[in-house]
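Descriptive structure summary
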Amino acid sequence: MASLDDLIAAITANKDATDELSARIENTKQQAEELLGAVTALGAEGVANAVMSVKDRLEQSASQNHATALQLEEAVNAAVAAKQA
């Protein structure tokens, strides 16, 4: 049977994973921005529009991941509260 400590550790590991994912998404978004600048400079409007769409989706992913991180943080707090009850 899992303990509250095990549950807290598991949720914390998930939160750490969301933090790592946030950094990876940000790195990928920067790559998309660099590519957008390059294709815009070349006048490749169609490609630039497609890359902009990619960048928008990355921003949405970052936002959703942030919301997940907040929910996990709340779950840790609830598990800690349960441990103290």
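The residue numbers shown here count from 1 along each chain, following its written sequence. For a predicted model such as this one, the threshold for reporting local features is a pLDDT of at least 70, and the threshold for listing and counting side-chain atom pairs is 80 or more; totals across whole chains, interfaces and linings nevertheless cover every residue. Excluding hydrogens and water, the side-chain figures rest on all heavy atoms present in the structure.

Observations regarding the pattern of salt bridges
Put simply, the rule reads: Any Lys or Arg side-chain nitrogen found within 4 Å of a carboxyl oxygen on Asp or Glu counts as a salt bridge. In this description a helix means any DSSP run of H or I spanning at least four residues, a strand means any run of E spanning at least two, and both kinds are numbered starting from the N terminus. Residue burial is assigned from relative accessible area. The probe radius is 1.4 Å, only protein chains are included, and a residue is buried under 20% of its type maximum, exposed over 50%, and partly exposed in between.
Counted by the stated rule, this structure contains six salt bridges. For the salt bridge of glutamate 33 with lysine 55, the shortest nitrogen-to-oxygen distance reads 3.9 Å. Of the two residues, glutamate 33 sits in helix α1 (residues 4–41) while lysine 55 sits in helix α2 (residues 45–84), which places them 22 residues apart along the sequence. Using a relative accessible area of 34% as the deciding quantity, one classes glutamate 33 as partly exposed. The residue glutamate 59 makes a salt bridge to lysine 55 at a minimum N-O spacing of 3.1 Å. Of the two residues, glutamate 59 and lysine 55 both sit in helix α2, four residues apart, roughly one turn of that helix. Residue classification places glutamate 59 among the partly exposed positions, given a relative accessible area of 32%. On the accessibility criterion, lysine 55 (14% relative accessible area) is buried. Ionic contacts of the salt-bridge type, sharing partners, join the residues Glu33, Lys55 and Glu59 into one network.

Everything listed here is a matter of geometry and, on its own, says nothing about what the molecule does.
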